[in-house]
Amino acid sequence: MNDKEHILHAGERFLLRDESVGIEIVSGTVEVYGVTREEQTFRQCYLINLEPGDGAFPAFDDFNEIDIQLYALEDVVLREISLSGESVEKLRPLMQGWFKKMMSLSWLRLL
């Protein structure tokens with residue numbers, strides 16, 4: 001394992017807050033949640049499931065209120081991807097898959 005990979009055991013969570021980094025799911029399945037940062041008013045909203053070969057990206061929230069959280073349904077290996085250092089050929093299919101899955105949410109499509 002290199003220093004850009006993370007192993008999550010079933011039930012563990014990974015908070016994707018750094019806007020310069022995306023995640024590629026190497027193995028296992030995760031649920032993706034949008035979560036609020038404020039502890040006093042914490043909310044989470046289930047978004048989608050991701051499987052090996054899928055990518056996850058930060059919320060890019062202009063108000064700094066929402067993060068993306070990955071929840072491991074089983075043991076998972078995640079690989080960090082530099083959004084500025086990775087090739088377009090690597091990022092394009094991951095981002096296309098991410099946005100396609102997000103656009104399957106009717107309420108998000110309206111935004």
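Okay, so let's go over this structure. Quick caveat: nothing in here was measured; it's all calculated off a predicted structure. (Residues numbered from 1 in each chain as written. Predicted model: local features only at pLDDT ≥ 70, side-chain atom pairs only at ≥ 80, totals over all residues. Heavy atoms only, no water.)

Side note on the overall build of the protein
(1) Moving on: Of regular secondary structure, the protein possesses 2 helices and 8 strands.
(2) Moving on: In sequence order, the secondary structure elements of the protein are arranged as β-β-β-β-β-β-β-β-α-α.
(3) Moving on: The C-alpha atoms of the protein give 14 Å as radius of gyration, which agrees with the globular expectation for 111 residues (13 Å, within 12%).
(4) Moving on: Its C-alpha atoms put the protein at 35 × 30 × 25 Å along the principal axes. (Helix = DSSP H or I, 4+ residues; strand = E, 2+ residues; numbered from the N terminus. Rg over C-alpha atoms; globule rule 2.2 N^0.38 Å.)

Overview of the sheet that holds strand 7 (residues 66-72)
(1) Moving on: Taken together, the 4 strands give an open sheet; going across it, the order is 2-7-4-5, and neighbouring strands pair in antiparallel fashion. The outermost strands of the open sheet, each flanked by one partner alone, are strand 2 (13-16) and strand 5 (44-50). Direction aside, neighbouring strands of the sheet carry axes that sit 25° apart on average.
(2) Moving on: Here 6 bridges tie strand 4 (residues 30-36) to strand 5, and the two strands are oriented antiparallel to one another. The residue of strand 5 that forms the bridge with V35 is Q44.
(3) Moving on: The sheet contacts of helix 1 (residues 88-103) involve strand 4, strand 5 and strand 7, and relative to strand 5 the element is tilted by about 130°. (Pairing = 2+ DSSP bridges. Axes fitted to C-alpha atoms, helices over the stretch in contact; angles between N-to-C directions. Contact = heavy atoms within 4.5 Å.)

Re the packing of aromatic side chains
(1) Moving on: Scanning the model with the defined rule gives 2 aromatic pairs in all.
(2) Moving on: For the pair Y33 and Y46, a centre-to-centre distance of 5.7 Å together with 75° between the ring planes defines the contact as edge-to-face. In this pair, Y33 is assigned in strand 4 and Y46 in strand 5, connecting sequence segments 13 residues apart.
(3) Moving on: A relative accessible area of 13% places Y33 in the buried class.
(4) Moving on: Taking relative accessible area as the criterion, Y46 reaches 39% and is therefore assigned partly exposed.
(5) Moving on: Aromatic side chains F57 and W98 sit 6.1 Å apart centroid to centroid with 70° between the ring planes, which places their arrangement in the edge-to-face category. A residue pair is termed long-range when its members are at least 10 positions apart, and F57 in the loop between strand 6 (55-56) and strand 7 and W98 in helix 1 qualify at 41 residues. (Phe/Tyr/Trp six-rings, centres within 6.5 Å; stacked < 30°, edge-to-face > 60°. Buried < 20%, exposed > 50% of the residue type's maximum accessible area, 1.4 Å probe, protein only.)

Let's talk about the side chain of E24
(1) Moving on: In this structure, E24 sits in strand 3 (residues 21-27).
(2) Moving on: Assessed through its relative accessible area of 11%, E24 is described here as buried.
(3) Moving on: In this view, E24 contacts D54, G55, V77, L78, R79, I81, K90 and L94; residues no more than four positions away in its chain are not counted.

Regarding a negative patch on the surface
(1) Moving on: Residues E12, E51, E74 and D75 make up a contiguous surface patch of negative charge.
(2) Moving on: Looking at the secondary structure, you find D75 in the loop between strand 7 and strand 8 (76-82).
(3) Moving on: Residue classification places D75 among the partly exposed positions, given a relative accessible area of 48%. (Patch = residues over 30% accessible without salt bridge, like charges linked within 9 Å, V, L, I, M, F, W, Y side chains within 5 Å. Areas by Shrake-Rupley, 256 points an atom, 1.4 Å probe, with all protein chains shown as cover. Salt bridge = Lys/Arg side-chain N within 4 Å of Asp/Glu carboxyl O. Lys, Arg positive; Asp, Glu negative; His and termini not counted. Charge placed at Lys NZ, Arg CZ, Asp CG, Glu CD.)

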